[in-house]
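Coordinate analysis (summary)
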Amino acid sequence: MAENSTHGIRADEPSDIGRRVLRLRTEKGLTQKQLAEPAYTAAYISTLEAGRVRPSETALRHLAGRLGTTVEELTTGRPPHLATELRMRLTDARRTLATGDAEDAAALFRALRAEAAALSLVNEESAAVLGLGDCALESGDLTAARDLFADAEALLADQPLPRRVPALRGRATAHLLAGELRYACYLLEAALDELNASGMHDPDALLLLYTASIAPYMDMGAHARAAHAAELALALAPQVDDPALVAAMHRGVARSLIAEGRIADADASLAKAQELYQQLRIRTELAHCHWMRGYVHAQDGNLRKAESELRTARDMLASKRAPLFTVQVEVELADVLRRRGKAPEAEELLRPLLAPTALGAERGAVHAGGAHRLLGLIAEDRGDTDAAEEHYCAALSLLERTGAAGDLADLCRLLGDLLRRTGRTEAALDAYRTGLGHRAAPGTTTLGPAPKAPPQWPVGRI
């Protein structure tokens, strides 16, 4: 089968198309001349029906119009309503993922993937695989998510880059959640460079990429790049009609605003995102808004509100059976509890999170490092310096693989202070020097050149 890369339709061989045209012409009672006029000749129709020529797109449109059918039915023999029905069911599966359980949604997507593959519907098959990747992300199966997003990209290999961006963004998100920050940045920046350098100004694709890049930039300490990505995302938003995409942008931009100390602006941005997600009934993303608002309140020192928002986020994500996101929220909730003087409750919350099935080097390494850091602080507060040192070293081991510069510098400071207080001055100096090295080389210097900006915006802001 030959594939029509423009429409994602796998066309049959010329002989199959020819037989189909002959059958439909005969059913309509048309002569070859009547079918051909005015654009073609009877001889051309005869050659086509004999399977000796593959009709062009223009010829197919002409024939479909005269025969009362569609180009899709002529090229594949498949009634067009099948693709329409599949797309409607894909929408239902998406709604199930947004409002219900990821496992239920995955079962729907798997069935749709098989049907679309059997019907050679490339676009619908890739949409089903993309849905399965999102289900795997929500379930915390990052290896499966990466593979599924890669499969979706492969199905669309002949399509323009903007069509592949959702799958690419999903793959980058899976790498980010696994703690592979630099590779996540590389994937997103390479796509941005290709889009902007080629002049393919697709606002939806650009907004998706810029929004996705904010989190890994922030984790790596590349705050200038995160701020610029947020600025470009905000400028693109008026050109985008998809409210879910705009809501995700507001949620991502809030993180950059927090780093700039613009707490009120960050909270306003999150309120916009929350309102949109409530209207769309997208529960996972709404939970992320509560999560981020909890973070904003924690940064602003309002720990009571922070605890309330984080508990709401945790309960929503747990009810959606999104285990990886749930335990990540619990790390941030534990931090707030410790700061509120509830250290025993924080420790009780943290210890189960360090099980291999919860957090670890291959599964949420940044938050696993955060959990060890908090347990180290709690141990230090009760005078158990050996346990504190063990937790700080475990956190460093996890975070060194991620490139999370700010977190690494903070841990080196904590470890250095601990070593100095226990009389190990040389070891403390080594820890401080390592921390200064991380602080002096945040993501802006370790990521390489910044991605090209769209032609209509000035470069040189990062």
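Definitions and limits used
Residues numbered from 1 in each chain as written. Predicted model: local features only at pLDDT ≥ 70, side-chain atom pairs only at ≥ 80, totals over all residues. Heavy atoms only, no water. Helix = DSSP H or I, 4+ residues; strand = E, 2+ residues; numbered from the N terminus. Buried < 20%, exposed > 50% of the residue type's maximum accessible area, 1.4 Å probe, protein only. Contact = heavy atoms within 4.5 Å. Areas by Shrake-Rupley, 256 points an atom, 1.4 Å probe, with all protein chains shown as cover. Axes fitted to C-alpha atoms, helices over the stretch in contact; angles between N-to-C directions. Parallel < 35°, antiparallel > 145°, perpendicular 65-115°, else oblique. Left-handed = near helix turned anticlockwise from the far one by under 90°. Phe/Tyr/Trp six-rings, centres within 6.5 Å; stacked < 30°, edge-to-face > 60°. Salt bridge = Lys/Arg side-chain N within 4 Å of Asp/Glu carboxyl O. Expected span 1.5 Å × (residues − 1). Disulfide = S-S within 2.5 Å. Nonpolar A, V, L, I, M, F, W, Y, C, P; charged D, E, K, R; others polar. pLDDT = per-residue confidence, 0-100. Core = buried A, V, L, I, M, F, W, Y, C linked by side-chain atoms within 4.5 Å.

Broken down by element type, the protein carries 24 helices and 2 strands. When burial is assessed residue by residue, the protein has 52% of its 462 residues classed as buried. Sequence-distant contacts in the protein: of pairs separated by 6 or more residues, those separated by 24 or more amount to 62%. Element-wise, carbon and sulfur atoms account for 52% of the exposed surface of the protein, whose accessible area totals about 20,000 Å².

Here we come to the packing of helix α16 (residues 283-299) against helix α18 (residues 323-339). Following both chains from N to C, one finds α16 and α18 inclined at 25°, their axes separated by 11 Å at the closest point. Viewed along their axes, α16 and α18 adopt a mutual orientation that is roughly parallel. Along this stretch, α16 crosses α18, giving a crossing that reads as left-handed. On α18, the residues touching His288, Trp291, Tyr295 and Ala298 of α16 are Phe325, Gln328, Val329, Glu332, Val336 and Arg339.

So, on to unusual backbone geometry. Across the junction of Glu37 and Pro38, the peptide omega takes the value 0°, indicating a cis bond. Residue position: Pro38 is located in the loop between α2 (32-36) and α3 (42-49). Even without being a glycine, Ser120 presents a positive backbone phi close to 60°. Its place among the elements puts Ser120 in the loop between α7 (102-118) and α8 (122-139). Judged by relative accessible area, Ser120 falls into the buried class, the value being 11%.

A word on the packing of aromatic side chains. Inspection of the entire model under this criterion finds 2 aromatic pairs. Aromatic pair Tyr40 and Tyr44: ring centres 5.1 Å apart, planes at 20°, arrangement stacked. Pairing Tyr183 with Tyr186 gives two aromatic rings, centres 5.7 Å apart and planes at 25°, and the pair type is stacked. One end of the pair, Tyr183, and the other, Tyr186, are both in helix α11 (residues 181-198), 3 residues apart, so they sit about a helical turn from each other.

A separate point is the pattern of salt bridges. Scanning all chains against the criterion turns up 32 salt bridges. Between Glu153 and Arg171 there is a salt bridge, with its nearest N and O atoms 2.6 Å apart. Of the two residues, Glu153 sits in helix α9 (residues 142-155) while Arg171 sits in helix α10 (residues 161-177), which places them 18 residues apart along the sequence. Each member of the salt-bridge network shares a partner with another, and the members are Glu307, Arg311, Arg340, Lys342 and Glu345.

Quick look at the environment of Gly140 now. With respect to the element layout, Gly140 can be found in the loop between α8 and α9. A relative accessible area of 2% means that Gly140 is categorised as buried. Dropping the residues within four chain positions of it, Gly140 is found in contact with Leu324 and Arg363.

With 14 residues, α9 ought to run about 20 Å at 1.5 Å a step, and its terminal C-alpha atoms sit 20 Å apart, in line with that. Along α9, the residues that are buried comprise Leu142, Ala145, Arg146, Leu148, Phe149, Ala152, Glu153 and Leu155.

Here the focus is helix α22 (residues 405-421). For α22, built from 17 residues, the straight-helix expectation of 24 Å at 1.5 Å per residue is met to within 8% by its first-to-last C-alpha distance of 24 Å. In terms of burial, α22 is largely enclosed, as 12 of its 17 residues are buried. Every buried residue belonging to α22 is among Ala405, Leu408, Ala409, Asp410, Leu411, Cys412, Leu414, Leu415, Gly416, Asp417, Leu418 and Leu419, and all of these are buried.

Relative to the helices and strands, Leu195 is located in helix α11. Expressed as a C-alpha distance, the spacing of Leu195 and Leu206, which sit 11 residues apart in the sequence, is 7.8 Å.

With that settled, the discussion passes to the state of the cysteines. Evaluated as defined, the whole model comprises 0 disulfides. Counting only cysteine sulfurs, Cys412 is the nearest neighbor of Cys393, a cysteine outside any disulfide, at a range of 9.8 Å. The exposure class assigned to Cys393 is partly exposed, which follows from its relative accessible area of 37%.

This part takes up the packing of helix α1 (residues 14-28) against helix α4 (residues 57-67). At their nearest, the axes of α1 and α4 sit 10 Å apart, and the two run at 30° to each other. Comparing their axes, α4 and α1 come out roughly parallel. Handedness of the α1/α4 crossing: left-handed. Note on element contacts: α4 touches α1 through Leu60, Leu63 and Leu67, opposite Ile17, Val21, Leu24, Arg25 and Lys28. Grouping the amino acids of the contact of α1 with α4 by side-chain chemistry returns 6 nonpolar, no polar and 2 charged.

The predicted model of the protein averages 83 in pLDDT, with 89% of residues at 70 or higher. Ranking the elements of the protein by mean pLDDT puts helix α24 (residues 443-446) last, at 39, and α9 first, at 94. Across residues 1-9 the pLDDT falls below 50, and counting only partners more than four positions away or on other chains, this stretch makes 30 contacts in the model. When the criterion is pLDDT under 50, residues 458-462 qualifies, and its contacts beyond four places in sequence or with other chains add up to 9 contacts.

Here we take up the nonpolar core. If you look at the biggest cluster of nonpolar residues, it comprises 127 residues, and the most contacted ones within it are Leu209, Tyr210, Leu350 and Tyr392. A per-element tally of this core places helix α12 (residues 203-220) first, with 11 residues. Setting aside its immediate chain neighbours within four residues, Tyr392 contacts Arg373, Gly376, Leu377, Glu380, Leu411, Leu414, Leu415 and Leu418.

What follows concerns the side chain of His62. With respect to the secondary-structure elements, His62 resides in helix α4. By relative accessible area, His62 is classed as buried at 17%. What His62 contacts, discounting residues up to four positions off in sequence, is Leu35, Ala36, Glu37, Pro38, Ala39 and Tyr40.

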